[in-house]
Amino acid sequence: MEKLCRSVWTLGQRTSLSSGSDRGIACLAALSETHQILQKSCRDFANAELAPHARRHDREELFPAEQVRRLGEMGLMSVIVREEYGGAGLDYQAYAIGMEEVARGDAAVSIVMGVNNLYAGAVQQHGTESQKEQFLVPYTQGKHIAFYALSEPGNGSDAGAASTTARLSDDGAYLLNGTKAWISNSKEASGGLIFATIDKSLKHKGITAFLTDKSVPGLCIAKKESKMGMRATSTCQVTLDDVSVPQSQVLGSPGSGFKIAMESLDSGRIGIAAQATGIAQAALELCTDYAEKRVAFGQRLSRLQMIQQKIADMALRVETSRLLTWRAAWLKDNGFAITKEAAMAKLHASETATYCSHQCIQILGGMGYTTDMPAELYYRNARVTEIYEGTSEIQRIVIANCILNGISN
Ligand code: CAA
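This one's a predicted model, so the numbers in the text were calculated from it and none came from an experiment.

### Observations concerning the domain arrangement of the protein chain
In terms of domains, the protein chain is made up of domain 1 (2-139), domain 2 (146-255) and domain 3 (265-404). Here the C-alpha centroids of domain 2 and domain 3 sit 31 Å apart. Interface area, domain 2 with domain 3, both sides summed: about 670 Å², of which 68% is carbon and sulfur. Area buried by domain 2 at its contact with domain 3 is led by S157, M228 and M230, which between them contribute 71% of it. On inspection of domain 2 and its partner domain 3, the count reaches 0 salt bridges. One can count 2 residue pairs in polar contact (both at pLDDT 80 or more) joining domain 2 with domain 3. Among the residues making up the side of domain 2 that touches domain 3, the classes are represented as 4 nonpolar, 2 polar and 1 charged.

Laid out in structure tokens, this is it:
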């Protein structure tokens, strides 16, 4: 905690909380002092070091290596990892705040932060001490980043139907075979978590989580996808051809992988909700500024009620997204179940990101459609928040199941 707080505090000293315009920093009164300083520091960092490079990185499909290194220095690559393992030792509220601010500056950078924290959370919770030494500590400082390989070409939403196999070989190691699809950050990652089945007839009860370095023989980054958004980061197919993984690298126990995936995705959805809120906030700020400057029909756009209605609707959705996200984070930090609440936050925030970036383009008109302004980038980046870590359709299924089965706070 001290590490991030210290770096956050140092940054906070440079720009006092009360100085300058804090437009868009909402609900300060509801946050602790640490969280307020974190929010301000991440916002300043995003304004100075993320936003100015976001469009070039997207255009050139350039991995933001320097920005990720800075995230590591600030403790943002391991917000929820305890200090004894090299993490920042903060809570999910801090994680949500950091993700939102980083995404407001550059959503592509925030997906590196998000997947790394998703991975680290699972290893911290289920890993043995020696697994944490080998597969958690090196991933906390931004020097190494991790992938999380659950989806497959034939099974995205139906995670329980994994067909990548893990077979025990004569030398006692597991041999992994199959193809994983749409794996974020896998090109730059040093290692990660792979889900495979030890017995397909057991359905989800056969799924097992394996920790591995990326450099192991047989693991290949087969295809880098060409994407609509988040183009500064890689999304690849990962093929596994007799990849040997010792039993000591099974995370949890054989057959517990599906539960590990579901639990870690519950927490991960707080991060995606925060990311989507950050994109929506950026879109709202951009079109509000534009509406105050641009003149049409003899007056500023901001004087037109049609525009005011759009701004009001956007602001309402951004704030409800933030509050749902912070509620899920608070519940997680206080030991409550979050399956329904994280799904609600992710569903609402990701649809808000799409809505706000769409409305932002409408308000900017022709300017919004060109790459001279970042509105079109917000729109392209927003779309995937409705897809990864569970589509909007899956979130609705999860929410309905929780309500119908009485699993609710
Ligand atoms: N926490 C703990 N356990 C859970 C759980 C949760 N949130 N959800 C389900 N389970 C348990 C159930 O209790 C049940 O346990 P038992 O066998 O002991 O009874 C078991 O898991 C099976 O549950 P279901 O029958 O509900 O499972 P299902 O097969 O119907 O699937 C699902 C449920 C919600 C659709 C799930 O498959 C799912 O979440 N799919 C989406 C997958 C997803 O998010 N993929 C994203 C890929 S990762 C990614 O995008 C990362 C990246 O790179 C950015």
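Now, onward.
### Some remarks on unusual backbone geometry
With phi around 50°, M230 is a residue other than glycine that occupies positive phi space. Within the secondary structure layout, M230 lies in the loop between β6 (219-224) and β7 (235-245). Positive phi, normally seen in glycine, also occurs at E389, with a value near 55°. Along the chain, the position of E389 falls in the loop between α11 (375-383) and α12 (392-404). Residue E389 is classed as buried on the basis of its relative accessible area, which comes to 13%.

### A look at the packing of helix α2 (residues 33-60) against helix α4 (residues 92-105)
At a minimum axis distance of 7 Å, the contact between α2 and α4 shows a crossing angle of 25°. Relative to α4, the element α2 lies roughly parallel. Judged by the twist between their axes, the crossing of α2 over α4 is right-handed. Facing α2, whose interface residues are H35, L38, Q39, C42, R43, A46, N47, L50, A51 and A54, α4 presents Q93, A94, I97, G98, E101, V102, R104 and G105.

### Some points on the environment of L175
By secondary structure assignment, the location of L175 is in strand β3 (residues 174-184). What makes L175 buried here is its relative accessible area of 15%. Dropping the residues within four chain positions of it, L175 is found in contact with T165, A166, R167, S169, D242, V243 and S244.

### Observations regarding the packing of helix α7 (residues 257-293) against helix α8 (residues 305-333)
Look at α7 against α8: their axes get within 9 Å of each other, and the N-to-C directions meet at 155°. Between α7 and α8, the interaxial angle falls into the category roughly antiparallel. Considering the relative orientation of α7 and α8, their crossing is left-handed. Taking contact as the criterion, the partners of S267, I270, A273, A274, T277, A280, Q281, A283, L284, C287, T288 and A291 in α7 are, on α8, I307, I311, M314, A315, V318, S321, R322, T325, A328, A329 and K332. Class assignment of the residues belonging to the contact of α7 with α8 gives a composition of 15 nonpolar, 6 polar and 2 charged.

### Structural notes on helix α5 (residues 107-126)
Here α5 is 20 residues long and its end C-alpha atoms lie 29 Å apart, about the 28 Å a rise of 1.5 Å per residue gives. Burial analysis of α5 places 18 of its 20 residues in the buried class, which makes it a mostly covered element. Of the residues flanking the start of α5, the one acting as N-cap is D106, its side-chain oxygen 3.0 Å from the backbone nitrogen of A108.

### Concerning the side chain of S357
Within the secondary structure, S357 sits in helix α9 (residues 339-364). By relative accessible area, which is 0% here, S357 ends up buried. Sequence-distant contacts of S357, defined by excluding residues within four places in its chain, comprise A283, Y378, Y379 and A382.

### Side note on the packing of aromatic side chains
Evaluation of the coordinates by the stated rule reveals 5 aromatic pairs. On the basis of an interplanar angle of 20° and a centroid distance of 6.0 Å, the ring pair of W330 and F336 is categorised as stacked. Relative accessible area serves as the criterion here: at 47%, W330 is assigned to the partly exposed category. A cation over an aromatic ring shows up here: R317 above the ring of Y355, its NZ or CZ 3.6 Å from the ring centre.

### Some details on the side chain of T391
Positionally, T391 belongs in the loop between α11 and α12. A relative accessible area of 17% means that T391 is categorised as buried. Apart from the residues lying within four places of it in its own chain, the contact partners of T391 are S157 and E386.

### Remarks on the site of the ligand
Taken together, the neighbourhood of the ligand is formed by 22 residues, with S157, H204, D266, E389 and G390 sitting nearest. In this structure, an oxygen atom belonging to the ligand sits 3.0 Å away from a main-chain N or O atom of G390. Summarising the interface, the protein chains cover 71% of the accessible area of the ligand, which totals 1,100 Å² for the free molecule. Mapped by element, the contributors of at least two residues to the shell around the ligand are α7 and α12. For the shell around the ligand, the element with the most residues is α7, which contributes 7 residues. Three or more residues apiece are contributed to the shell around the ligand by two domains, here domain 2 (146-255) and domain 3 (265-404).

Criteria and cut-off values
Residues numbered from 1 in each chain as written. Predicted model: local features only at pLDDT ≥ 70, side-chain atom pairs only at ≥ 80, totals over all residues. Heavy atoms only, no water. Domains from an automatic or database assignment. Buried area = accessible area lost by both parts, 1.4 Å probe. Salt bridge = Lys/Arg side-chain N within 4 Å of Asp/Glu carboxyl O. Polar contact = N/O pair within 3.5 Å; in protein donor to acceptor, adjacent residues only side chain to side chain. Nonpolar A, V, L, I, M, F, W, Y, C, P; charged D, E, K, R; others polar. Helix = DSSP H or I, 4+ residues; strand = E, 2+ residues; numbered from the N terminus. Buried < 20%, exposed > 50% of the residue type's maximum accessible area, 1.4 Å probe, protein only. Axes fitted to C-alpha atoms, helices over the stretch in contact; angles between N-to-C directions. Parallel < 35°, antiparallel > 145°, perpendicular 65-115°, else oblique. Left-handed = near helix turned anticlockwise from the far one by under 90°. Contact = heavy atoms within 4.5 Å. Expected span 1.5 Å × (residues − 1). Phe/Tyr/Trp six-rings, centres within 6.5 Å; stacked < 30°, edge-to-face > 60°. Lys NZ or Arg CZ within 6 Å of the ring centre and 35° of its normal. Near = heavy atom within 4 Å. Areas by Shrake-Rupley, 256 points an atom, 1.4 Å probe, with all protein chains shown as cover.

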